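# Structural overview for review
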Amino acid sequence: MAAPILEVAHLCKYFDAGRAVSGETKKLKAVEDVSFAISPGETMGLVGESGCGKSTLGRTIVRIHDPTAGRILYKGEDITRRKNKHLLPVRRSMQMIFQDPYASLDPRCTVGDILAEPMAIHRLYTKRERASRVQALLETVGLKPDHIRRYPHEFSGGQRQRISIARTLALDPEFIVCDEPISALDVSIQAQIINLLERIQDERGLSYLFIAHDLGMVRHISHKIGVMYLGHMMEYGQTADVYDNPYHPYTKALLSAVPVPDPKTARAKQRIVLKGEVFTPIDPPACCLFANRCPHVMARCRRTEPPVCHVAGRRVACHLYTPDFLALRRNGENPIFTDPPDWRADIPV
Ligand code: SF4
(Lines give C-alpha, C1' and ligand atoms only; values in the text may rest on other atoms or scores of the structure.)
Protein backbone atom coordinates (compact mmCIF):
# COMPACT_ATOMS: atom_id res chain seq x y z
CA MET A 1 0.00 0.00 0.00
CA ALA A 2 1.26 3.51 -0.85
CA ALA A 3 2.53 5.66 2.02
CA PRO A 4 -0.10 8.13 3.25
CA ILE A 5 0.03 11.61 1.75
CA LEU A 6 -1.25 13.03 5.05
CA GLU A 7 -0.94 11.68 8.57
CA VAL A 8 -2.46 13.44 11.53
CA ALA A 9 -1.46 12.18 14.98
CA HIS A 10 -3.09 13.27 18.26
CA LEU A 11 -3.82 16.71 16.83
CA CYS A 12 -5.26 19.32 19.23
CA LYS A 13 -6.37 22.89 18.60
CA TYR A 14 -7.42 25.04 21.55
CA PHE A 15 -8.52 28.69 21.54
CA ASP A 16 -8.38 31.06 24.49
CA ALA A 17 -11.90 31.74 25.78
CA GLY A 18 -11.42 34.45 28.40
CA ARG A 19 -10.54 34.16 32.08
CA ALA A 20 -12.20 32.09 34.77
CA VAL A 21 -12.98 33.60 38.23
CA SER A 22 -9.83 31.86 39.51
CA GLY A 23 -7.79 33.92 37.00
CA GLU A 24 -6.89 30.92 34.84
CA THR A 25 -7.32 31.16 31.06
CA LYS A 26 -10.29 29.14 29.85
CA LYS A 27 -9.67 26.95 26.80
CA LEU A 28 -12.11 26.19 24.02
CA LYS A 29 -11.08 22.71 22.90
CA ALA A 30 -12.12 22.78 19.23
CA VAL A 31 -10.05 19.73 18.22
CA GLU A 32 -8.88 17.14 20.75
CA ASP A 33 -6.57 14.19 20.12
CA VAL A 34 -7.57 13.50 16.51
CA SER A 35 -5.61 10.95 14.44
CA PHE A 36 -6.11 9.66 10.91
CA ALA A 37 -4.29 9.11 7.61
CA ILE A 38 -5.18 9.72 3.95
CA SER A 39 -3.52 7.83 1.08
CA PRO A 40 -2.79 9.29 -2.37
CA GLY A 41 -5.95 9.39 -4.49
CA GLU A 42 -8.15 8.75 -1.47
CA THR A 43 -11.07 10.77 -0.05
CA MET A 44 -11.77 10.90 3.64
CA GLY A 45 -15.19 12.21 4.69
CA LEU A 46 -15.57 14.15 7.92
CA VAL A 47 -19.04 14.47 9.40
CA GLY A 48 -20.62 15.74 12.60
CA GLU A 49 -22.98 18.42 13.87
CA SER A 50 -22.28 22.15 13.41
CA GLY A 51 -19.62 23.35 15.84
CA CYS A 52 -18.02 19.91 16.30
CA GLY A 53 -14.63 21.12 15.03
CA LYS A 54 -14.62 19.78 11.45
CA SER A 55 -13.69 23.07 9.79
CA THR A 56 -11.17 23.94 12.52
CA LEU A 57 -9.51 20.57 11.94
CA GLY A 58 -9.31 21.26 8.17
CA ARG A 59 -7.92 24.75 8.74
CA THR A 60 -5.36 23.44 11.24
CA ILE A 61 -4.17 20.82 8.75
CA VAL A 62 -3.56 23.42 6.02
CA ARG A 63 -1.93 25.56 8.74
CA ILE A 64 -4.36 28.49 8.68
CA HIS A 65 -4.40 27.80 12.44
CA ASP A 66 -1.32 26.75 14.40
CA PRO A 67 -1.85 23.40 16.13
CA THR A 68 -1.78 23.36 19.94
CA ALA A 69 -0.39 19.82 20.15
CA GLY A 70 0.05 16.71 18.02
CA ARG A 71 1.72 16.21 14.64
CA ILE A 72 0.88 16.76 10.98
CA LEU A 73 2.97 14.77 8.51
CA TYR A 74 2.60 15.73 4.86
CA LYS A 75 4.26 13.36 2.39
CA GLY A 76 6.31 12.03 5.31
CA GLU A 77 7.57 15.47 6.45
CA ASP A 78 6.61 17.00 9.76
CA ILE A 79 4.97 20.36 8.97
CA THR A 80 3.43 20.93 12.41
CA ARG A 81 5.70 23.83 13.42
CA ARG A 82 6.78 25.10 10.00
CA LYS A 83 6.44 28.83 9.43
CA ASN A 84 6.68 31.46 6.69
CA LYS A 85 8.93 30.55 3.76
CA HIS A 86 9.41 26.98 5.03
CA LEU A 87 5.65 26.51 4.73
CA LEU A 88 5.38 27.94 1.20
CA PRO A 89 6.05 24.69 -0.77
CA VAL A 90 3.50 22.91 1.42
CA ARG A 91 0.90 25.61 0.80
CA ARG A 92 1.38 25.10 -2.92
CA SER A 93 0.69 21.39 -2.65
CA MET A 94 -2.09 21.60 -0.04
CA GLN A 95 -5.11 23.73 -0.88
CA MET A 96 -8.57 24.40 0.52
CA ILE A 97 -12.01 24.95 -1.04
CA PHE A 98 -14.08 27.14 1.27
CA GLN A 99 -17.72 26.70 2.16
CA ASP A 100 -19.16 30.00 0.99
CA PRO A 101 -18.45 30.83 -2.68
CA TYR A 102 -20.02 34.27 -2.11
CA ALA A 103 -17.52 35.27 0.59
CA SER A 104 -14.38 33.46 -0.57
CA LEU A 105 -13.91 35.36 -3.86
CA ASP A 106 -12.68 38.97 -3.91
CA PRO A 107 -15.58 41.01 -5.42
CA ARG A 108 -13.16 43.65 -6.79
CA CYS A 109 -11.13 41.22 -8.90
CA THR A 110 -12.02 39.69 -12.25
CA VAL A 111 -12.04 35.91 -12.58
CA GLY A 112 -8.77 36.14 -14.53
CA ASP A 113 -7.08 38.04 -11.67
CA ILE A 114 -8.47 35.63 -9.06
CA LEU A 115 -7.10 32.60 -10.88
CA ALA A 116 -3.72 34.17 -11.72
CA GLU A 117 -3.09 35.51 -8.20
CA PRO A 118 -1.89 32.23 -6.57
CA MET A 119 0.62 31.74 -9.42
CA ALA A 120 1.84 35.34 -9.04
CA ILE A 121 2.23 34.96 -5.24
CA HIS A 122 4.29 31.80 -5.72
CA ARG A 123 6.22 33.45 -8.60
CA LEU A 124 5.35 30.71 -11.06
CA TYR A 125 5.31 31.05 -14.85
CA THR A 126 5.55 34.11 -17.09
CA LYS A 127 2.60 36.46 -17.58
CA ARG A 128 1.76 34.83 -20.91
CA GLU A 129 1.94 31.31 -19.41
CA ARG A 130 -0.31 32.37 -16.53
CA ALA A 131 -2.90 33.68 -19.01
CA SER A 132 -2.98 30.40 -20.90
CA ARG A 133 -3.15 28.41 -17.63
CA VAL A 134 -6.11 30.52 -16.52
CA GLN A 135 -7.91 29.63 -19.76
CA ALA A 136 -7.13 25.94 -19.20
CA LEU A 137 -8.39 26.13 -15.60
CA LEU A 138 -11.68 27.67 -16.75
CA GLU A 139 -12.10 24.85 -19.23
CA THR A 140 -11.30 22.22 -16.57
CA VAL A 141 -14.10 23.45 -14.31
CA GLY A 142 -16.62 23.87 -17.15
CA LEU A 143 -16.59 27.68 -17.52
CA LYS A 144 -16.31 29.63 -20.77
CA PRO A 145 -13.14 31.48 -21.93
CA ASP A 146 -14.96 34.85 -21.99
CA HIS A 147 -15.74 34.50 -18.24
CA ILE A 148 -12.17 35.62 -17.59
CA ARG A 149 -13.13 39.31 -17.64
CA ARG A 150 -16.21 39.02 -15.47
CA TYR A 151 -16.56 39.71 -11.73
CA PRO A 152 -17.77 37.19 -9.10
CA HIS A 153 -21.15 38.95 -8.65
CA GLU A 154 -22.01 38.14 -12.28
CA PHE A 155 -22.09 34.38 -11.53
CA SER A 156 -24.50 31.97 -9.87
CA GLY A 157 -23.53 30.09 -6.67
CA GLY A 158 -22.57 26.94 -8.59
CA GLN A 159 -20.42 28.92 -11.05
CA ARG A 160 -18.71 30.73 -8.18
CA GLN A 161 -17.87 27.41 -6.56
CA ARG A 162 -16.40 26.30 -9.89
CA ILE A 163 -14.22 29.45 -9.84
CA SER A 164 -13.14 28.55 -6.27
CA ILE A 165 -12.22 25.04 -7.43
CA ALA A 166 -10.29 26.47 -10.41
CA ARG A 167 -8.35 28.77 -8.04
CA THR A 168 -7.56 25.77 -5.84
CA LEU A 169 -6.18 23.91 -8.87
CA ALA A 170 -4.05 26.84 -10.07
CA LEU A 171 -0.98 25.59 -8.18
CA ASP A 172 -1.40 21.90 -9.12
CA PRO A 173 -2.04 20.69 -5.56
CA GLU A 174 -1.97 17.05 -4.50
CA PHE A 175 -4.19 17.35 -1.43
CA ILE A 176 -7.33 19.50 -1.02
CA VAL A 177 -9.44 20.19 2.06
CA CYS A 178 -13.02 20.60 0.78
CA ASP A 179 -14.75 22.48 3.60
CA GLU A 180 -18.46 21.93 2.98
CA PRO A 181 -18.09 22.88 -0.70
CA ILE A 182 -21.72 22.09 -1.52
CA SER A 183 -23.70 23.16 1.54
CA ALA A 184 -24.32 26.72 0.26
CA LEU A 185 -25.60 25.46 -3.12
CA ASP A 186 -28.96 24.30 -4.49
CA VAL A 187 -29.47 20.53 -4.48
CA SER A 188 -29.41 20.34 -8.31
CA ILE A 189 -26.05 22.15 -8.39
CA GLN A 190 -24.55 20.05 -5.56
CA ALA A 191 -24.43 16.92 -7.76
CA GLN A 192 -22.66 18.86 -10.55
CA ILE A 193 -19.95 20.08 -8.14
CA ILE A 194 -19.48 16.58 -6.68
CA ASN A 195 -19.15 15.12 -10.20
CA LEU A 196 -16.62 17.83 -11.03
CA LEU A 197 -14.57 17.06 -7.88
CA GLU A 198 -14.63 13.33 -8.68
CA ARG A 199 -13.58 13.90 -12.29
CA ILE A 200 -10.68 16.15 -11.24
CA GLN A 201 -9.63 13.56 -8.65
CA ASP A 202 -9.56 10.81 -11.29
CA GLU A 203 -7.64 12.95 -13.78
CA ARG A 204 -5.05 14.31 -11.32
CA GLY A 205 -4.90 11.61 -8.61
CA LEU A 206 -5.83 14.12 -5.89
CA SER A 207 -6.53 13.31 -2.24
CA TYR A 208 -9.42 15.02 -0.47
CA LEU A 209 -10.49 15.68 3.08
CA PHE A 210 -14.20 16.19 2.41
CA ILE A 211 -16.08 17.97 5.19
CA ALA A 212 -19.88 17.88 4.91
CA HIS A 213 -23.21 17.64 6.68
CA ASP A 214 -24.87 15.59 3.97
CA LEU A 215 -24.21 12.00 5.04
CA GLY A 216 -25.56 10.60 1.75
CA MET A 217 -23.11 12.69 -0.25
CA VAL A 218 -20.22 11.73 2.06
CA ARG A 219 -21.02 8.06 1.56
CA HIS A 220 -20.99 8.59 -2.21
CA ILE A 221 -17.64 10.37 -2.39
CA SER A 222 -15.55 8.99 0.52
CA HIS A 223 -13.38 5.92 0.87
CA LYS A 224 -13.20 6.31 4.64
CA ILE A 225 -14.99 8.43 7.15
CA GLY A 226 -14.42 10.14 10.50
CA VAL A 227 -17.31 11.08 12.78
CA MET A 228 -16.61 14.06 15.04
CA TYR A 229 -18.39 15.20 18.19
CA LEU A 230 -17.25 18.18 20.28
CA GLY A 231 -13.75 18.08 18.83
CA HIS A 232 -13.25 14.32 19.31
CA MET A 233 -13.11 11.66 16.61
CA MET A 234 -15.80 9.27 17.83
CA GLU A 235 -15.55 6.70 15.04
CA TYR A 236 -13.15 6.25 12.15
CA GLY A 237 -13.11 3.51 9.53
CA GLN A 238 -13.91 2.46 5.98
CA THR A 239 -17.04 4.22 4.72
CA ALA A 240 -18.95 1.06 3.76
CA ASP A 241 -18.24 -0.57 7.16
CA VAL A 242 -19.31 2.47 9.16
CA TYR A 243 -22.49 3.08 7.14
CA ASP A 244 -23.54 -0.58 7.06
CA ASN A 245 -22.80 -1.28 10.72
CA PRO A 246 -22.07 1.81 12.84
CA TYR A 247 -20.56 1.07 16.27
CA HIS A 248 -20.54 4.34 18.17
CA PRO A 249 -23.93 5.41 19.59
CA TYR A 250 -23.46 8.89 18.09
CA THR A 251 -22.76 7.46 14.62
CA LYS A 252 -25.89 5.32 14.95
CA ALA A 253 -27.97 8.39 15.80
CA LEU A 254 -26.53 10.40 12.89
CA LEU A 255 -27.12 7.62 10.37
CA SER A 256 -30.64 6.97 11.63
CA ALA A 257 -31.53 10.49 10.43
CA VAL A 258 -30.38 9.91 6.83
CA PRO A 259 -33.46 9.91 4.55
CA VAL A 260 -33.99 6.78 2.44
CA PRO A 261 -35.71 7.02 -0.94
CA ASP A 262 -37.84 3.86 -0.50
CA PRO A 263 -40.98 4.74 1.57
CA LYS A 264 -41.34 1.15 2.85
CA THR A 265 -37.75 1.07 4.17
CA ALA A 266 -38.17 4.59 5.53
CA ARG A 267 -41.24 3.53 7.55
CA ALA A 268 -39.43 0.50 8.97
CA LYS A 269 -36.36 2.55 9.89
CA GLN A 270 -36.07 3.52 13.53
CA ARG A 271 -34.99 7.12 14.08
CA ILE A 272 -32.80 7.72 17.13
CA VAL A 273 -33.70 11.12 18.56
CA LEU A 274 -30.97 12.48 20.81
CA LYS A 275 -32.10 14.22 23.96
CA GLY A 276 -30.07 15.87 26.70
CA GLU A 277 -27.79 18.83 26.89
CA VAL A 278 -24.60 19.19 24.88
CA PHE A 279 -21.50 19.78 27.01
CA THR A 280 -19.67 23.06 26.44
CA PRO A 281 -16.34 22.73 24.60
CA ILE A 282 -14.86 25.34 26.98
CA ASP A 283 -12.90 23.36 29.59
CA PRO A 284 -15.12 20.28 29.10
CA PRO A 285 -15.29 17.63 31.85
CA ALA A 286 -12.99 14.59 31.74
CA CYS A 287 -15.67 12.07 30.83
CA CYS A 288 -17.40 10.91 27.64
CA LEU A 289 -18.64 14.15 26.09
CA PHE A 290 -21.59 12.30 24.59
CA ALA A 291 -22.71 10.99 28.01
CA ASN A 292 -25.58 13.48 28.42
CA ARG A 293 -27.20 12.34 25.18
CA CYS A 294 -26.18 8.70 24.88
CA PRO A 295 -28.93 6.06 25.19
CA HIS A 296 -26.32 3.57 26.48
CA VAL A 297 -24.66 5.76 29.10
CA MET A 298 -23.10 3.88 32.06
CA ALA A 299 -21.57 4.99 35.32
CA ARG A 300 -18.04 4.68 33.95
CA CYS A 301 -18.92 7.02 31.04
CA ARG A 302 -19.45 9.86 33.50
CA ARG A 303 -16.27 9.07 35.45
CA THR A 304 -13.64 8.62 32.74
CA GLU A 305 -12.95 9.57 29.14
CA PRO A 306 -13.40 6.56 26.85
CA PRO A 307 -10.16 5.34 25.24
CA VAL A 308 -9.87 4.92 21.48
CA CYS A 309 -10.64 1.23 20.91
CA HIS A 310 -9.56 -0.74 17.84
CA VAL A 311 -12.43 -3.00 16.82
CA ALA A 312 -12.60 -4.97 13.55
CA GLY A 313 -10.41 -2.51 11.59
CA ARG A 314 -12.11 0.54 13.04
CA ARG A 315 -11.42 3.07 15.80
CA VAL A 316 -14.21 3.83 18.26
CA ALA A 317 -14.01 6.14 21.28
CA CYS A 318 -16.57 4.44 23.52
CA HIS A 319 -16.50 2.41 26.75
CA LEU A 320 -18.73 -0.21 25.11
CA TYR A 321 -15.75 -1.30 23.01
CA THR A 322 -12.93 -1.40 25.58
CA PRO A 323 -11.26 -4.83 25.71
CA ASP A 324 -12.40 -5.49 29.30
CA PHE A 325 -15.96 -4.58 28.49
CA LEU A 326 -15.96 -6.71 25.35
CA ALA A 327 -14.45 -9.61 27.28
CA LEU A 328 -17.24 -9.37 29.83
CA ARG A 329 -19.86 -9.48 27.12
CA ARG A 330 -18.42 -11.47 24.30
CA ASN A 331 -19.80 -14.86 23.44
CA GLY A 332 -16.82 -17.24 23.43
CA GLU A 333 -17.84 -18.63 20.02
CA ASN A 334 -18.07 -15.23 18.38
CA PRO A 335 -14.95 -13.20 19.17
CA ILE A 336 -15.75 -10.51 16.59
CA PHE A 337 -18.00 -7.94 18.14
CA THR A 338 -20.51 -6.79 15.56
CA ASP A 339 -23.87 -5.92 16.98
CA PRO A 340 -24.12 -4.66 20.56
CA PRO A 341 -27.35 -5.48 22.41
CA ASP A 342 -29.01 -3.01 24.73
CA TRP A 343 -26.31 -2.48 27.32
CA ARG A 344 -28.60 -0.72 29.75
CA ALA A 345 -30.06 -4.09 30.80
CA ASP A 346 -27.05 -5.16 32.83
CA ILE A 347 -24.21 -2.81 33.57
CA PRO A 348 -21.09 -4.50 34.95
CA VAL A 349 -19.48 -1.36 36.43
FE1 SF4 B 1 -22.30 6.28 25.33
FE2 SF4 B 1 -20.66 5.66 27.29
FE3 SF4 B 1 -20.01 5.11 24.79
FE4 SF4 B 1 -20.04 7.61 25.66
S5 SF4 B 1 -18.68 5.99 26.33
S6 SF4 B 1 -20.85 6.87 23.76
S7 SF4 B 1 -21.78 7.57 27.04
S8 SF4 B 1 -21.70 4.24 25.96
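Anyway, here's the lowdown on the structure attached to this text. Just so we're clear, the structure is a prediction, and the values are computed from it rather than from any experiment.

## Examining the overall build of the protein
When its secondary structure is counted, the protein shows twelve helices and twelve strands. Here the protein has a C-alpha radius of gyration of 22 Å; the compact-globule value for 349 residues is 20 Å, and the two agree. Structurally, the protein occupies a C-alpha span of about 70 × 55 × 40 Å along its principal axes. Within the protein, the proportion of its 349 residues that are buried is 48%. A separation of at least 24 residues holds for 62% of the contacts in the protein among residues at least 6 apart in sequence. Accessible area of the protein: about 17200 Å², with a carbon and sulfur share of 51%. The averaged location of the 39 negative side-chain charges in the protein is 3 Å from the averaged location of its 47 positive side-chain charges.

## Let's talk about the sheet that holds strand β4 (residues 69-74)
Strand order in the open sheet formed by four strands is β2-β1-β4-β5, with antiparallel pairing between adjacent strands. Both outer strands of the open sheet, β2 (25-38) and β5 (77-78), are each paired with one neighbouring strand and no more. As paired strands, strand β1 (residues 6-19) and β4 are joined by five bridges and run antiparallel to one another. What sits directly across from L6, in β4, is Y74.

## Things to note about the side chain of T56
With respect to the helices and strands, the residue T56 is situated in helix α1 (residues 54-61). On the accessibility criterion, T56 (17% relative accessible area) is buried. Discounting chain neighbours no more than four positions away, the residues touching T56 are K13, F15, A30, V31 and H65.

## Comments concerning the packing of helix α3 (residues 111-121) against helix α5 (residues 157-169)
It is the contact of α3 with α5, at a shortest axis distance of 8 Å, that shows an interaxial angle of 30°. In this view, α3 runs roughly parallel relative to α5, as classed from their interaxial angle. Considering how the two elements wind past one another, α3 and α5 form a crossing that is right-handed. Residues V111, I114, L115 and P118 of α3 form the contact with α5, whose own contacting residues are I163, A166 and R167.

## So, the sheet that holds strand β8 (residues 207-211)
In sheet architecture, strand pairing relies on hydrogen bonds along the backbone and comes in two forms, parallel and antiparallel. What the eight strands build is an open sheet, ordered β6-β7-β8-β3-β9-β10-β12-β11; its pairing is mixed. Two strands lie at the open edges of the sheet, namely β6 (94-97) and β11 (308-311), each paired on one side alone. Strand after strand, the sheet turns through a mean of 20° between neighbouring axes, direction not considered. Two elements, β11 and strand β12 (residues 314-317), share four bridges in a ladder whose sense is antiparallel. For H310, the partnering residue across the bridge sits in β12 and is R315.

## Focus on α1
Counting buried positions along α1 yields six of eight residues, so the element is predominantly enclosed. Along α1, the residues classified as buried are K54, T56, L57, G58, T60 and I61. The first or second residue beyond α1 is R63, which carries a positive phi of 70°.

Conventions used here
- Residues numbered from 1 in each chain as written.
- Predicted model: local features only at pLDDT ≥ 70, side-chain atom pairs only at ≥ 80, totals over all residues.
- Heavy atoms only, no water.
- Helix = DSSP H or I, 4+ residues; strand = E, 2+ residues; numbered from the N terminus.
- Rg over C-alpha atoms; globule rule 2.2 N^0.38 Å.
- Buried < 20%, exposed > 50% of the residue type's maximum accessible area, 1.4 Å probe, protein only.
- Contact = heavy atoms within 4.5 Å.
- Areas by Shrake-Rupley, 256 points an atom, 1.4 Å probe, with all protein chains shown as cover.
- Lys, Arg positive; Asp, Glu negative; His and termini not counted.
- Charge placed at Lys NZ, Arg CZ, Asp CG, Glu CD.
- Pairing = 2+ DSSP bridges.
- Axes fitted to C-alpha atoms, helices over the stretch in contact; angles between N-to-C directions.
- Parallel < 35°, antiparallel > 145°, perpendicular 65-115°, else oblique.
- Left-handed = near helix turned anticlockwise from the far one by under 90°.

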